[in-house]
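Residue-level structural notes
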Amino acid sequence: MDSPPFATVPNDAADHIDPAGGWLLRYEEHDESGTATGRGASIVGVEFAPRHYADLAHVKLNQPLTIPLNWRHARILQSNIPGFDVESVADGQMTVESPFSVRTLGLVPGGWLPAGLALRANMTVLLDRCTISELAGRFRDGRKTKPADQDFLDLFAGQRVRINPLLFALEGNTGQAPTPELVVQQLEEARARILAALPDAELVPAGTDGLAGILGLLQDTQAGMARANEFLRRLAPRLNVPVGVARRSDMRDLVLATATDCGLRRDSLVVVAALSAVAVPNGKSPAKRLLKWKTGYSERDAYNALVDLRALELLIGMFALFPRERLMLCTGDKDLALFWAGIRASEMVWRDGRLHCTLSPCEALLPSVTERNGHRFAKGPAPGAPRDT
């Protein structure tokens, strides 16, 4: 059963999370001219399907959002819409025209959603540094600091959101791998800032139980990060400007040869990002912006790019290790979210002590990728698998 084609979600529409896992959603029907019809419905157990690369490419952050949404297997609690019967199961699709902006994007299996709409009961949320800063400026003791500023992140308020701050601590604040002492300090800072903003948040692991896992991740990823850092710095002088059609084949071969020299897999995320930077015309790949290539590219520039890609590798690892858990990575970086949606990671599994996944980059991220041009994406182990976090 389909919902009406046009619906406007009121400000308090998604004000509670159903204990079973989905949103309690209320909406009002509007006709194609935008006029309210006087009909509406309330639905329980709404879990929105992730949106894709093309949807995000047109989203402007910090502005009111219009977005198509769909869901399956929700239950109708109340309705005066003909054919939309109470207690029936609804597969819904609608266009949401919301006064809420979207500053924070939730990365989930299959794509992205505004972070507030992606939130589920018992979900573990990974926050990058920019999201923790956004929370700290947006809330104080669970209350908004600027009531008139409406954003989907407001849906975190009043919820017992389960938050893992490992990305903040793992990155550090010096532009290079943090020392164990700095990891401890950063973990404490992240916890303090989150709880000052959202006192109802549940921090996991509790106390300092996650410290050993973060230090283990730091150690496990250090060698791979160093190889990837060298890879990016070697390529930067050739790829910090747009690659024209005449250079594209040579630059693709350079990327692959440099990856081999640096000991990187061709399907590692940093190599996929570099290939996208080469393949998308006019320097318009989000991967190129994500890699931060510029004149005078430094080790610190490369590190800042790699911590974002490592966050995606860790997310893939967690999806593989905990396939029945709800997990989300929140970021305010649209380019990172576009890259995640564009690589279309799937079949994320942990097998024989190694992490495996399939990448199927969309055409907009990596045009005309074929075996004939020397690159094929297939299932294979990914680096940076998480440990006990």
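The structure presented is a predicted model; accordingly, all values stated were derived computationally and were not measured. (Residues numbered from 1 in each chain as written. Predicted model: local features only at pLDDT ≥ 70, side-chain atom pairs only at ≥ 80, totals over all residues. Heavy atoms only, no water.)

1. Here's the deal with the packing of aromatic side chains
For clarity, the threshold we go by: Centres within 6.5 Å make a pair out of two Phe, Tyr or Trp rings, where for Trp the six-membered ring is used; the pair is then stacked when the planes are under 30 degrees apart, edge-to-face when over 60, and tilted otherwise. Secondary structure is summarised from DSSP: a helix means a run of H or I of at least four residues, a strand means a run of E of at least two, and numbering begins at the N terminus for each. Only protein chains enter the accessibility calculation, which uses a 1.4 Å probe; a residue is then buried when its area is under 20% of its type maximum, exposed when over 50%, and partly exposed in between. By definition, being over a ring means that NZ of Lys or CZ of Arg is both within 6 Å of the ring centre and within 35 degrees of the ring normal.
Enumeration over the complete set of coordinates arrives at three aromatic pairs. Each ring, one from F319 and one from W340, has its centre 6.2 Å from the other, and the planes form 40 degrees; the classification is tilted. A residue pair is termed long-range when its members are at least 10 positions apart, and F319 in helix α10 (residues 299-321) and W340 in helix α11 (residues 334-343) qualify at 21 residues. Neither residue differs from the other here; F319 and W340 are each classed as buried. When the ring centre of F168 is taken as origin, the NZ or CZ atom of R129, which lies over that ring, is 3.8 Å away.

2. Overview of unusual backbone geometry
In most cases, non-glycine residues show a negative phi, while peptide bonds are predominantly trans. With an omega of -15 degrees, the peptide bond running from V204 to P205 counts as cis. Take P205: it is sitting in the loop between β12 (202-203) and α6 (211-239). Within the chain, N62 stands out as a residue other than glycine whose phi angle is a positive 70 degrees. Structurally, N62 is set in the loop between α1 (53-57) and β4 (64-79). Here N62 falls in the partly exposed class, since its relative accessible area comes to 49%. A positive phi is found at K292, a non-glycine position, where the angle reads about 60 degrees. Along the chain, K292 falls in the loop between α9 (286-291) and α10. A relative accessible area of 29% means that K292 is categorised as partly exposed.

3. Overview of the nonpolar core
Under the convention used in this document: In plain words, nonpolar cores are sets of buried Ala, Val, Leu, Ile, Met, Phe, Trp, Tyr and Cys residues tied together by side-chain atoms within 4.5 Å. In what follows, residue pairs with any heavy atoms lying within 4.5 Å of each other are defined as contacts.
With 123 residues, the main nonpolar core has W71, F156, F231, L232, V270, W293 and F339 as its most contacted residues. The element contributing the most residues to this core is α10, with 14 residues. Not counting residues up to four positions away in its chain, the partners in contact with V270 are A228, F231, L232, L264, L291, L306 and L309.

4. A short note on the sheet that holds strand β13 (residues 327-331)
Using the following cut-off: Any two strands between which DSSP finds at least two bridges are classified as paired. Fitting a line to C-alpha atoms yields each axis, with helices limited to the stretch in contact; the angle taken between N-to-C directions then spans 0 to 180 degrees.
Spatial strand order, β7-β6-β13-β8-β11-β12: six strands in an open sheet with mixed pairing. Because the sheet does not close on itself, it has two edges, and the strands there are β7 (111-114) and β12. Both strand β6 (residues 105-108) and β7 contribute to a ladder of four bridges, which runs antiparallel. Within the sheet, the bridge partner assigned to L105 lies in β7 and is P114. Packing against the sheet, α10 makes contact with β6, β8 (124-127) and β13, and its axis sits at approximately 165 degrees to β13. Set on the sheet, α11 makes contact with β6, β7 and β13; between it and β6 the angle comes to about 25 degrees.

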